[in-house]
Amino acid sequence: MPIAAAAIGVVVVLIVLIVLFKMVWRVAEPNEALIISGLGARSKPVAGVDSLGFKIVTGKGTSVLPGFQVARRLRLGSRAANLEVKCVTQQGIPVRVVGVVIYKVGDDFVSIANAARRFLEQQTSMDDAIHELFTGHLRSIIGNLTVEDLILNRERLTSETRNSASDEMSKLGLVVDSLQIQEIDDETGYITNIGRPHAAKVAAAARIAEAERDQEATRREQEAARENAAVIRDTQIKKAEYEGQVQQAAQQARQEVILKETRNAELEAERTEKRLESEVRKPADARAYEQVKLAEAEREERIAYAQAAATEVQLKAQREAEATRILGEAQAEATRQKGLAEAEAIQARARALAENQEAVIAQQLAEKWPEIVEAGAKVFGNVDNMVVLNGAEGVEDMLAKALTLGGTGLGLARSLLNNMGGQATGNSDNGRLPAAADQES
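Residues numbered from 1 in each chain as written. Predicted model: local features only at pLDDT ≥ 70, side-chain atom pairs only at ≥ 80, totals over all residues. Heavy atoms only, no water.

Another point: the nonpolar core. By size, the foremost hydrophobic cluster in this structure holds 41 residues, and its most contacted members are L74, F134, M169 and L174. Broken down by secondary-structure element, the contributors of at least two residues to this core are β2 (32-38), β6 (79-88), β7 (94-105), α2 (109-119), α3 (126-142), α4 (147-152), α5 (154-172) and β8 (174-186). Considering each element in turn, this core owes the most residues, seven residues, to α3. When residues no more than four places from it in sequence are discounted, the contact partners of L74 are N31, E32, A33, I35, V105, I112, A115, A116, L120, Q123 and M126. Core analysis: the second largest hydrophobic core is formed by five residues, A28, L34, I36 and V57 among them. (Core = buried A, V, L, I, M, F, W, Y, C linked by side-chain atoms within 4.5 Å. Buried < 20%, exposed > 50% of the residue type's maximum accessible area, 1.4 Å probe, protein only. Helix = DSSP H or I, 4+ residues; strand = E, 2+ residues; numbered from the N terminus. Contact = heavy atoms within 4.5 Å.)

Put into structure tokens, the structure is as follows:
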């Protein structure tokens, strides 16, 4: 904390010093002078001039004590004052002279002091003072000059005016940088009349010179026209010759072009013919030859294919005929063998039937027994209650009666016996067939 307070105090002191320095210190610009008056404001004697009672500072800075001293600025730059004077010349001719004076405060301390004493608080009034000063001097000087002097020798007017006003300007602390007379007019037209004889002379000389120049120009124009005509004639002749040469050259060129075009056309025709020969005719011949060869090859291929197909069909027919023959022979052999087998079976059955007819019938009955029982059972289909007496014997009697009453069992047995009789009859026939077959074979 003590360090921060000390730093803040130092900063405050520096700010105060800077503010005080800005308040006290004044700097003179290059185009101005500081006029300092007040307590202790004394300038040193310069070039035998005693102290002026105030201090002059130019081009540097100085301190000014607030409340005790006052600093004012005096401009040292150039100023301009316009002049317009109406006066009478030595000849009694009223004229109006317009000019401009460029002046400034002198750079030395004496001039600055004189100007400060007179214009420090009224610097804007310098132009009016200069206007009045130079207007008076111009009137006095112009009164001793003629209009011709004013017109022909303006430098004399400006130099005499500056010389006559130099003392008064020095007392005012001012110096003249430039004095220019811009315009001189008169209300009577004297200046215009002065110039008329000379103007007439000049105009006459100008007209004469213009006429001479016109004559000279006409002569020169005629000569130029003749020369131009000759040049045009020669040019036209040369142009005609050139055009004839050009036409002849163009005709020759066209002939050469026609010859070249004809030759090119012939070459192009030959090239086209060769190109057609190489690109169209020969490829067409080659394609035609190729097509012929391809057709011949295709025809030979079709012939070969047809021959091969015919050969294949013939071979296939032969194979099928051979297969048919073999199949027929096999089927005939199979039929013969089947017939032989059936004949042998029939003979065996006939022999078995002749030898043991009851066993065969029993076998047939056993094979048809389910059908016989089903037919006998139909007899009892409408019976609700049935009582069987005598045990197994009663059941046998009942079934025998049922078979007898129904007729199915007897009919079936009868059909079996008929079949057996037919087979016995057929055995005699079949016994003869195989013998005939044996005889055929």
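It is worth spelling out the side chain of R79 at this point. By the secondary structure assignment, R79 is in strand β6. This buried residue, R79, is left without a salt bridge; D127 holds the nearest opposite charge, at 5.6 Å. Reaching out from R79, the side chain makes a polar contact with the side chain of Q123 at a distance of 3.2 Å. The residues touching R79, leaving out its near neighbours within four places in the chain, are V101, I102, Y103, Q123, M126 and D127. (Lys, Arg positive; Asp, Glu negative; His and termini not counted. Salt bridge = Lys/Arg side-chain N within 4 Å of Asp/Glu carboxyl O. Polar contact = N/O pair within 3.5 Å; in protein donor to acceptor, adjacent residues only side chain to side chain.)

Take the pairing of β6 next. Of the two faces of β6, only the one carrying R79, A81, L83, V85 and C87 is buried; A80, N82, E84, K86 and V88 on the other face are not. As judged from the ten bridges shared by β6 and β7, these two strands associate in the antiparallel manner. Across the sheet, L83 pairs through a bridge with G99, a residue of β7. (Pairing = 2+ DSSP bridges.)

Quick look at the sheet that holds β7 now. Spatial strand order, β6-β7-β8: three strands in an open sheet with antiparallel pairing. Only two strands of the sheet have a single partner each, and these edge strands are β6 and β8. If you compare each strand with its neighbour and ignore which way they point, the axes differ by 20 degrees on average. Contacting β6, β7 and β8, α3 runs over the sheet at an angle of about 35 degrees to β6. This element, α5, spans β7 and β8 of the sheet and lies at about 140 degrees to β8. (Axes fitted to C-alpha atoms, helices over the stretch in contact; angles between N-to-C directions.)

What follows deals with the pattern of salt bridges. As enumerated under the stated definition, the model contains 17 salt bridges in all. Among the salt bridges present, the one from E84 reaches R96, with a minimum N-O distance of 3.3 Å. Separated by twelve residues along the polypeptide, E84 in strand β6 and R96 in strand β7 bring together distant segments of the chain. Classification of E84 by relative accessible area gives partly exposed; the value is 46%. The exposure class of R96 is partly exposed, given its relative accessible area of 24%. Through salt bridges that share partners, E84, R96, E183 and D185 make up one connected network.

Let us look at the side chain of N114. On the secondary structure map, N114 appears in helix α2. In this view, N114 contacts S170, K171, L172 and G173; residues no more than four positions away in its chain are not counted.

Moving on, we come to α5. An ideal rise of 1.5 Å per residue puts 27 Å on 19 residues; α5 measures up with 26 Å between its terminal C-alpha atoms. Helix geometry: α5 is bent most strongly at S166, by close to 45 degrees. Every buried residue belonging to α5 is among L157, T158, T161, A165, M169 and L172, and all of these are buried. Residues of α5 that are buried in the fold lie against β7, α2, α3, α4 and β8. (Expected span 1.5 Å × (residues − 1). Bend = angle between axes of the 7 residues up to and from the residue.)

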